[in-house]
Amino acid sequence: MADREKIRAQAKQIMDEFVNALDRVGKIREEYGVERHDETRVPGKPSFPGFRQRFFMNAPKKNEEYIIAERKSW
């Protein structure tokens, strides 16, 4: 029984320290963040030439513009 009480006391101490650490983080978080003025990505639709043909070459079963997939019943 003494071991259980000792473990509970240690667990409570760890949780209390964790809660205190979270309280400190809340104050710091208000100042956290980065604003970027220059965008690194160019807006627009990405282009992947040849992707569709490679995709259909790898498909085991296909029918013109569609891939035939089996659906399992549970």
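Everything numeric here is computed off the predicted structure, so don't read it as measured data.

Rules used throughout
Residues numbered from 1 in each chain as written. Predicted model: local features only at pLDDT ≥ 70, side-chain atom pairs only at ≥ 80, totals over all residues. Heavy atoms only, no water. Helix = DSSP H or I, 4+ residues; strand = E, 2+ residues; numbered from the N terminus. Buried < 20%, exposed > 50% of the residue type's maximum accessible area, 1.4 Å probe, protein only. Areas by Shrake-Rupley, 256 points an atom, 1.4 Å probe, with all protein chains shown as cover. Phe/Tyr/Trp six-rings, centres within 6.5 Å; stacked < 30°, edge-to-face > 60°. Contact = heavy atoms within 4.5 Å. Polar contact = N/O pair within 3.5 Å; in protein donor to acceptor, adjacent residues only side chain to side chain. Salt bridge = Lys/Arg side-chain N within 4 Å of Asp/Glu carboxyl O.

**Focus: the overall build of the protein chain**
Then, in step 1: Regarding its fold elements, the protein chain presents 2 helices and 2 strands.
Then, in step 2: Listing every helix and strand of the protein chain by position from the N terminus yields α-α-β-β.
Then, in step 3: Sorting the 74 residues of the protein chain into buried and exposed places 3% on the buried side.
Then, in step 4: Looking at the protein chain as shown, the accessible area adds up to about 8800 Å², and 55% of this sits on carbon and sulfur atoms.

**Focus: the packing of aromatic side chains**
Then, in step 1: For the structure on display, the rule yields 2 aromatic pairs.
Then, in step 2: On the basis of an interplanar angle of 85 degrees and a centroid distance of 6.2 Å, the ring pair of Phe55 and Phe56 is categorised as edge-to-face.
Then, in step 3: For Phe55, a relative accessible area of 42% corresponds to the partly exposed category.
Then, in step 4: Here the aromatic cluster, defined as three or more aromatic residues joined through ring pairs, consists of Phe51, Phe55 and Phe56.

**Quick look at the environment of Phe56**
Then, in step 1: Its place among the elements puts Phe56 in helix α2 (residues 51–58).
Then, in step 2: In sequence terms Phe56 and Tyr66 are 10 residues apart; their C-alpha atoms lie 8.5 Å from each other.
Then, in step 3: Filtering out sequence-adjacent residues up to four positions away, Phe56 remains in contact with Lys62, Glu64, Glu65, Tyr66 and Ile67.

**Observations concerning unusual backbone geometry**
Then, in step 1: Phi angles above zero are rare outside glycine, and Glu64 is one such case at about 50 degrees.
Then, in step 2: Tracing the chain through its elements places Glu64 in the loop between β1 (62–63) and β2 (66–67).
Then, in step 3: Take Glu64: its relative accessible area is 73%, and that puts it in the exposed class.

**Some points on the environment of Glu70**
Then, in step 1: Take Glu70: it is sitting in the segment after β2.
Then, in step 2: For Glu70, the side chain forms a polar contact with the side chain of Lys61, separated by 3.1 Å.

**Describing the pattern of salt bridges**
Then, in step 1: Following the criterion strictly, the structure yields 3 salt bridges and no others.
Then, in step 2: Linking Glu65 and Arg52 is a salt bridge whose minimum nitrogen-to-oxygen distance equals 2.4 Å. One end of the pair, Glu65, is in the loop between β1 and β2; the other, Arg52, is in helix α2, with 13 residues separating them in the sequence.
Then, in step 3: Its relative accessible area of 45% is what places Arg52 among the partly exposed residues.

Everything listed is a geometric property; what it means functionally is a separate question.
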